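# Reading the structure
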Amino acid sequence: MPEIKQYIPIVGQSVVDEIHFLAEKFKGKIVQNINSTFVGGGVAEILTRMIPLLQELGVDVRWDIIKGNEKFFNITKKIHNALHGVNIQITPKDLDVFLQVNQENAREINLYGDVLFIHDPQPIALIEKKKDIGKKWIWRCHIDFTNPQPEIMNFLKSYIEKYECAVFSAPVFSRDINIPQFLIAPSIDPLSDKNKELSPETINSVMECFKIDRERPIVTQISRFDYLKDPVGVIKAYKKIKTHVDCQLVLAGGGATDDPEGMEVLEKVKYAAEGDPDIHIIFLPPSSDLEINALQRASTVILQKSLKEGFGLTVSEALWKSKPIIASAVGGIPLQIKHQYSGILTHSIEGTAYYLKQLLNEPEYAKKLGINGKEHIKNNFLITRHIRDYLLLFLSLYNTGDIVHL
Ligand code: UDP
């Protein structure tokens, strides 16, 4: 793991000094993160990078996960989809099982933190323990809350409002709820295996291993195989331009232990690819960070055609590598891309295809988008900014007056 001082050449001394200063103020308290998986997806990605750095700063931050069986994760995926506006039926029985598993976890997990930092809906009902044990509770929402199904939103709201505060990734997600809401965007770690500089040899060897031709343009989407990432829409956009530009498509991703839909989506993607040898469908095991890094760096254009997106770390990851990206204008993505300046925002398969053809045909324009994008990520979405925001959030829990004496 990198040390905090290694970020100074990237973000500057004053940013790192400020983090040290805030961390010093917060020493002595334990922050206990709880979510539903150690592996797969953006939440696990962020916690994996952030916790060691906070620990180095002297902040006692730890991470536990809730346990659940297949039935529970099928229900939480349904809840996840309903919160993303998908028309799906969640029955009272589903909600009973959801609450029962939360109660079991509330009994079994040692809730030792002074601050309980609960991520996403899966463990949300652990908050019921607050009446017995007190402590400070934060609910951190990483999902796209623009258009949730009202019934499930109301169900969750009764739990959310028991927390001290809620944290959302983008202003567009703030809701009519009765507790303070903070807006804290996620971040990427520029020194992780996924984002650090790579030698041309490393990139070449990964591309050889996946049998991807470096001579022709490469269009890539890195994402879990999830309907909401719209991999089939990506294939449709590719097919629209393939007759005009001889390019290859890479769809690479794995699953997450709390996402039971992955295999079903993967099958649909294979079917949609119709055996086209220029469509590379790559199922990545966990810890494929170097492979993802190399795939992103070798790409000519990166896509993120999500239908909903809490933030979309993959967008920041691509821009950090100065890659031109075409992404859907949904959820947290417009925070990262200013249309036609630091990337392209689209609303449809046709729009994606139109701009894909343009960027493949106009490499100078594509390059400019990538350069602007990198600057934007550097200024707004690196892990150091995220750590600072979290430290300020933790401090605010203990300084509820108007003036925070730092
Ligand atoms: N990712 C990964 N392996 C995969 C697919 C994705 O490590 O097979 C990473 C990806 O590079 C990014 C994170 O997982 O860092 C996904 O975060 P994002 O916010 O893009 O989407 P989420 O999966 O949380 O919906």
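The sections below set out a description of the structure shown in this document. (Residues numbered from 1 in each chain as written. Predicted model: local features only at pLDDT ≥ 70, side-chain atom pairs only at ≥ 80, totals over all residues. Heavy atoms only, no water.)

You can see His142 is positioned in the loop between strand E4 (136–140) and helix H7 (150–160). You can call His142 buried: its relative accessible area is 13%. For His142, the side chain forms a polar contact with the side chain of His119, separated by 2.9 Å. His142 has contacts with Val43, His119, Asp120, Ser169, Gly310 and Phe311, leaving out every residue within four places of it along the chain. (Helix = DSSP H or I, 4+ residues; strand = E, 2+ residues; numbered from the N terminus. Buried < 20%, exposed > 50% of the residue type's maximum accessible area, 1.4 Å probe, protein only. Polar contact = N/O pair within 3.5 Å; in protein donor to acceptor, adjacent residues only side chain to side chain. Contact = heavy atoms within 4.5 Å.)

Quick look at the site of the ligand now. Around the ligand there are 16 residues in total, and Gly42, Arg224, Lys229, Gly254 and Glu317 lie nearest to it. Of all elements in the fold, only helix H3 (41–56) and helix H12 (313–320) reach the threshold of two or more residues within the shell around the ligand. Residue classes in the shell around the ligand are distributed as three nonpolar, seven polar and six charged. (Near = heavy atom within 4 Å. Nonpolar A, V, L, I, M, F, W, Y, C, P; charged D, E, K, R; others polar.)

Within helix H8 (residues 200–209), burial applies to Ile203, Val206 and Met207. Looking straight down H8, one finds that the buried residues subtend no more than 95 degrees of arc, so they occupy a single side. The exposed set on the far side of H8, more than 90 degrees from its buried face, consists of Glu201, Glu208 and Cys209. Check the buried side of H8 and you find it contacts strand E7 (218–222) and helix H11 (289–298). (Arc of directions from axis to C-beta.)

Turning our eyes to something else, we now look at the pairing of E7. Burial analysis of E7 places five of its five residues in the buried class, which makes it a mostly covered element. Residue alternation in E7 divides its side chains into two sets, Ile218, Thr220 and Ile222 and Val219 and Gln221, and both sets are buried. In this fold, the crossover linking E7 to strand E8 (residues 248–253) by way of helix H9 (residues 231–242) has right-handed handedness. Bridge count between E7 and strand E10 (residues 301–304): two bridges; the pairing is parallel. Bridging across to E10, Val219 finds its partner in Val301. (Right-handed = clockwise from strand over helix to strand, strands pointing away. Pairing = 2+ DSSP bridges.)

Take the sheet that holds E4 next. One open sheet accounts for six strands, arranged E2-E1-E3-E4-E5-E6; its pairing is parallel. The open sheet has two free edges, formed respectively by strand E2 (60–65) and strand E6 (181–183), since each of these has just one partner strand. For this sheet, the mean angle separating the axes of adjacent strands, direction not counted, is 25 degrees. In this structure, strand E5 (residues 165–168) lies alongside E6, joined through three bridges in parallel fashion. Residue Phe168 lies in a different strand from E6, and its bridge partner there is Leu183. Of the strands in this sheet, strand E1 (30–35), E2 and strand E3 (115–119) are in contact with H3, which crosses E2 at around 150 degrees. With respect to the sheet, helix H16 (residues 383–398) is in contact with E1, E3, E4, E5 and E6, its orientation differing from that of E4 by roughly 145 degrees. (Axes fitted to C-alpha atoms, helices over the stretch in contact; angles between N-to-C directions.)

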